[in-house]
Every structure is written in structure tokens, then in C-alpha cells.
Amino acid sequence: MGRIQLKNVTKSFGDVQVIPPLDLTIEDGEFAVFVGPSGCGKSTLLRMIAGLEDLTSGEIEIDGAIATQVPPAQRGLAMVFQSYALYPHMSVRKNIGFPLRMAKMAQPEIDQRVETAAKSLNLMDYLDRKPADLSGGQRQRVAIGRAIVREPAAFLFDEPLSNLDAALRVGMRLEIGELHERLQTTMIYVTHDQVEAMTMANKIVVLRAGVIEQVGSPLHLYHRPQNEFVAGFIGSPKMNFVTGTEAEKHGAATIGIRPEHTVVSMSKGSWKGRVGVAEHLGSDTFIHVHDTGVADMVTVRVSGDIAVKHGDTVYLTPQADQIHKFDAQGLRL
Amino acid sequence: MSARKLPRLLQTPAVLLLLVWMLIPLGMTLYFSFIRYVLNNLRRPEWTSPSLSNWRGFGNYEFVLNSKDFLFAIQNSLFIVCSILFLTVILGILIAVLINKTFPGQGIVRVLLISPFFVMPAVNAVLWINMILDPVLGLQGIAVGSINELLDSLRNAPLLGWFFSLWPDLAPISFRATQTSAYAVIIMVTWQWTPFAVLIFMTSLQSEDQQQKEAAILDGASTWSQFRFLTLPHLARPIAIVVMIQAIFHLSLYAEIEIVSRGNGNKNLPYLIGEFANNNIGAASATGIFAVILANIVAIFLLRMIGKTLME
Ligand SMILES: Nc1ncnc2c1ncn2[C@@H]1O[C@H](COP(=O)(O)OP(=O)(O)OP(=O)(O)O)[C@@H](O)[C@H]1O
Ligand SMILES: [Mg+2]
């Protein structure tokens, strides 16, 4: 069980209010991802849930019981830190077994649980090594192992993959996803990488300056962003925003078109522009188009390879049913 | 000239200087330890100047080994050094952990804590033996005296007086006595060198990873467990450094021993060398060679220990 509820939670450091009153419920078994730009309070929120940071006001409930005053160790939550926070003087075996040892569990049972965790994380060959002798991905897995053995009510991850290289990150992303499928335990995952958020989450919580901008499933956020901020934050490459007369035609202050929802043609279309940079990824081509007269730069994404280069003239046509409309306050129309 | 040769060539003067610096005194000590060489001898004036014709072989060594103070001096050297090491490391860790937390007046407290380290050893010894440890005029004497006075007046109190009359008067300890002079040296050197340990441990504590602590808190580790399983292993290397450096310094204690009791009941090898050197340079040199051997044994022992903590 791991239903986590934040009620009217606030946090101030001195005079600075980092988290204005905030309500949020994370259901049992959910994979919730907190995303937002750097400094928006994601880590602070996570640390408050873990009990490492006091609340300035409000309540946290875990499984219906008020946990605000409960010490961190007794909340039944396990955390995986960005820097892994492994104990450098202990072997992998001791690291993973540490929470059990602190819980005064009998040694045979500790050994058995550590082995089970190590097997599921492919760490069997490294059990007697020190963290310093492991690769980044292996360290990450040890940190996850240390969290798993406690059989927590929920896992908290604070940007666990940001120190890994791109290829490893994809691999670990899948592993954590599989872990969630297997354990069906609540997970709260902090990241500022929106790809991680889109691929892993059941529920994405988009934060800006401590305020929740939108909560919802990844595809809901993608298709129906509540405001310009969410629209710009979710999706890669970023959504293009067009203001002025072009937007007024659609009865909005701003319209947003995702790069993948724009048709490119060499001969005709709504907007004529000049190619700045064309990024050929093989599977896709990202074209950055200038001088369209509607925005500084419009990014489009074309499936497959298309023969355009710097300086070419192209015509862009947004797909009419994929245009997001926002009012002057940036709210969805 | 190859790329390797130039750096070597540039290092040579420094290396040579160091070698000369160490080898000449060591060589002379060795030479003196094998000849008869005394400063004053009316019957055998030829012994008063060093010369190979006064060759004595291992005679000086035999003489030193058979002298009544030699084994005692070695034992006492080790006793003093080990006691000081033990006390400074324990106190150093305690104080460093305490003042590592933020509290008002932290800066001043830290400066005050470090200050004993800047007192000269001889001054330190004079202050301690006369002003603090003296059984009559020192703080100790005053404290013991006033406790006894208090006891006296309590004995005359109605009702409870009989209870206090069961208590004996306290007797002040004379730290210049044969049995206690080593303790006086241990106390004063510990006081002077604890700041050194605190300083080293404090810098190390400040580099401790806070996220590891937080992870341990979430893992259910008590304050003691955090100290035992995270802080103490983190301090292993600085402890080894403190032990190593202090051992080197304290094997050659001299001023404190001289000032406390003039070696009465409390000698170490350097003090013994000093005593021999009043006249018998040959014996003093032989003792010096023994001191070099002892220092090397201690150093090898300590290096092993440090090696082990690093391997861990
Ligand atoms: N101990 C602290 N004292 C004062 N201010 C703090 C403290 N910890 C965090 N803050 C402030 O709170 C805000 C939120 O910080 P937080 O670490 O939660 O951001 P974040 O969303 O995790 O950012 P990032 O993606 O860079 O990790 C920041 O403006 C930060 O400066
Ligand atoms: Mg953060």
C-alpha cells in the first residue's frame, strides 16, 4: 500500500516561499513523475514527502494516516538519490543489506533478501566490490537494490539517471519501468527530462515555481495541455508558438503547433520560410525554419529523411485539427 | 638530452641536499657510537677527542643496554606516546563532531580550541606543572583544598554530619613524584595536541557527504549508527595521519620531561641521550642509534596500520 496525499502543503526557506499551498494525491501503485524547470521545487517536494525536509504548514498523509510528524525511517518510503549516496566503505552486499541491518533483521534473512535483490538487478558478480569500483549504471542499480530490500510502501527517485550517459539512461529507464510493473509499488520520480516523464509515468505533475501547472497522464498532457507552459514543456522538440494576426485568425491570443503536426512542402503551403538548420537523425528530420513572418523560428519534424539543406525555401502548413489555442493569460481555450 | 633526464637533473640538488642533511648527522652518530668519546676524563685525556684509535666496537651499545634506565626508557617512551595518541584521537573526534554542528559563537569557539597548539612546549609544561597540577598552589591544590574545607563544614552540620564524617579527606596528587610524572607529561601534551587532531578531523568532517547521511536516516540508522558506519570509516584516513604525525613528534618529547621532574621516574630515549651527552658522547650516540631503530619500528607498524585502513 502506498497512497500519498499532500494537503495544503507549503515550504519556506527563511522568507522565501518555495512551495505555495499545494494539494496532490498519488494513488497506490501509481508511477508519478514530477517535472519542471530547474529550481521549481521538485526535489524540495520529494524531500518533504520523505521527511528529510520539514513542512512549513500543511499535512502529508500516507495510506490515510497523518505522517507529518513521523520520522523519515518510519514512513516506509525508500529514496534513490541523484548522487546514489552509496556508503563508500561498505561492499555492495553490505550497502544493500544496510537498511535491514538497521532494522535488526536476522543475518540469514538479510543475506537471502540481498541475494534476491541482487539477482533481480544483475548485481550478483559485484556483491563484494566497493561502490568506487563500479560503473555509474551499476552504482545506480545498487542504490535501487538498497531501496527494494526494504519493501517500501513507495519509492522516491530524485533525478536518478541524470549522471548516466545517454545509452545507459535509456536502459535504466526501461529497468525502472519494469521494476514498477513487477512490484506494482507507488513510485514518485523527479526529473527535468520530459522524455523520462513521458515514457515512464502514469501521472505527470508539471511544476513551475512550486505551483502545480497540470496533473494528468502523459498523453493527456500532450494532447490537451492546460496552458502555454505545459504545452511548451511537454513534447520534444518544443511546441511552436505563434502570436499576432495569425493567432487571431483562430480566435486566440496565441496558438501552438507541435513540430510533428506541421506539413512541409517545397512548393506550396500557408507559411513560406527559409531553412536555418536541418538536423538529419535518419528516422526523423528536424527542420528549423526562419523568416516565416509568424514567429522567429518554427521547428518542424518530418518523419524519415527529406532532402533539405540550409538556405532552402520551404512551405509549412499546420494541421488544422492539431492547433492548440491559448488566451492572453496563456490558458487553453 | 632526453625528456626524462632534465627533470632528474633539476631534482638532483634538492635530493643531494636532503641526503647530506640526513646522512652526515647519521654517519657521525654511527661513528661516535663505535668509539670511546667523552667530554671530560682526567685519566684518559685521549678519549676527549674523537678518533678511530679509540675504537670500542659494540662496547657503547653493550654499555647502554646494560644501563639500568635503558629498558625503562623504551617502555616509558611507548607508554607516553600510546597514551597521548589514544587520548588525542578520542578527544579529537568527540570535539570535532560536537563543533561541526552549527551554533552561535562557532567561530570564536573554534579559534579558542585551536589556541593551545600555538603555545610553546616548554611554556605549556611550566604552566601546567606550576599553575594547574601543583598540589598546593596550582588549581589542583586549590580545588582539593576547598573540597576538603567544604567536607569539614558539612561534618559539623547537624543531622547529616555523621554521614559526611564517613568520607575521607581528599589528598592532592603530586605530579612531580616518581610514580606520577609520566601522567603529568601525558596530560599536558594531550592538552596541547588535541587541537591538532580536532583541526584535522574537522576538515575531514566537513567533506563528509550529506546525502549519504540522509540515505542512512531513511534506512533507519540511529545517530550512533550513522557515526559508527559512516563518520568513523570516513575518519579512518585522518586518524591514521594524526597517529602517524604525532607518533613522530612524541617519540622525541624532551622539554616537558625535563620541566616536570628532570627525568625522575620518567625518562624516554631522547632524555636518556641528553643524560649521557653530559659526558659520554659515545654512549649517547649509541642510544641515538637505538632511538632511530625504535622510530623505524614504530613507523613500519604505523604504515602497516594506515595501509590496512586504506585497503578496507
Ligand atoms: N536549504 C535551502 N535553503 C534555501 N533555499 C533552498 C534550499 N533548498 C532549496 N532551496 C531553494 O528552493 C528552490 C527549489 O529547490 P529544489 O532543489 O527543490 O529545485 P529542483 O526543482 O529540484 O531543481 P533541480 O531540477 O535543479 O534539481 C530553489 O529556488 C532553491 O534555491
Ligand atoms: Mg533537484
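Every value quoted in this text rests on a predicted model; they were computed, and no experiment measured them.

## Some details on the packing of helix H8 (residues 181–206) of chain B against helix H10 (residues 223–250) of chain B
A pair of packed helices is captured by two measures, namely the crossing angle of their axes and the spacing between those axes. Residues and elements named next belong to chain B. Look at H8 against H10: their axes get within 10 Å of each other, and the N-to-C directions meet at 145°. When the axes of H8 and H10 are compared, the crossing they make is right-handed. Here H8 contributes Val 189, Trp 193, Phe 196, Ala 197, Ile 200, Phe 201, Ser 204 and Leu 205 to the contact with H10, which in turn contributes Thr 231, His 234, Leu 235, Pro 238, Ile 239, Val 242, Ile 245, Gln 246, Phe 249 and His 250.

## Concerning the sheet that holds strand E2 (residues 16–26) of chain A
Residues and elements named next belong to chain A. Here four strands make up an open sheet; going across it, the order is E2-E1-E4-E5 and the pairing antiparallel. Edge positions in the sheet fall to E2 and strand E5 (65–66), since each of these pairs with one other strand and no more. Pairing geometry for strand E1 (residues 4–13) and E2, over seven bridges, is antiparallel. Looking at the pairing, Ile 4 lines up with Ile 26 of E2. Against the sheet, helix H1 (residues 42–50) makes contact with E1, E2 and strand E4 (57–62), and its axis sits at roughly 120° relative to E1, the strand it touches most.

## Concerning the site of ligand 1
Residue and element names in this part refer to chain A. As a matter of local geometry, ligand 1 sits amid Phe 13, Val 18, Ser 38, Gly 39, Cys 40, Gly 41, Lys 42, Ser 43, Thr 44, Glu 159 and His 192. Here Gly 41 contributes a backbone N or O atom positioned 3.0 Å from an oxygen atom of ligand 1. Here ligand 1 loses 56% of its free accessible area of 640 Å² to cover by the protein chains. The dominant element in the shell around ligand 1, judged by the number of residues it contributes, is H1, at three residues. Classifying every residue of the shell around ligand 1 by side-chain character gives three nonpolar, six polar and two charged.

## What to know about helix H2 (residues 92–102) of chain A
Most of H2 of chain A is tucked away: eight of the 11 residues are buried. The set of residues buried in H2 of chain A consists of Val 92, Asn 95, Ile 96, Gly 97, Phe 98, Pro 99, Leu 100 and Met 102 of chain A. Residues of H2 of chain A that are buried sit in contact with helix H3 (107–120) and helix H4 (136–148) of chain A together with helix H9 (210–218) and H10 of chain B. Just downstream of H2 of chain A, Lys 104 of chain A is the residue with a positive phi angle, here 60°.

## What to know about the domain arrangement of chain A
Residue and element names in this part refer to chain A. When its domains are assigned, chain A resolves into domain 1 (4–231) and domain 2 (242–326). On a C-alpha basis, the centroid separation for the pair domain 1 and domain 2 is 38 Å. Between domain 1 and domain 2, the contact holds seven residues from the first and six residues from the second. When domain 1 packs against domain 2, the two sides together hide about 570 Å² of surface, and 51% of this comes from carbon and sulfur.

Cut-off values and rules
Residues numbered from 1 in each chain as written. Chains lettered and ligands numbered in written order. Predicted model: local features only at pLDDT ≥ 70, side-chain atom pairs only at ≥ 80, totals over all residues. Heavy atoms only, no water. Axes fitted to C-alpha atoms, helices over the stretch in contact; angles between N-to-C directions. Helix = DSSP H or I, 4+ residues; strand = E, 2+ residues; numbered from the N terminus. Left-handed = near helix turned anticlockwise from the far one by under 90°. Contact = heavy atoms within 4.5 Å. Pairing = 2+ DSSP bridges. Near = heavy atom within 4 Å. Polar contact = N/O pair within 3.5 Å; in protein donor to acceptor, adjacent residues only side chain to side chain. Areas by Shrake-Rupley, 256 points an atom, 1.4 Å probe, with all protein chains shown as cover. Nonpolar A, V, L, I, M, F, W, Y, C, P; charged D, E, K, R; others polar. Buried < 20%, exposed > 50% of the residue type's maximum accessible area, 1.4 Å probe, protein only. Domains from an automatic or database assignment. Buried area = accessible area lost by both parts, 1.4 Å probe.

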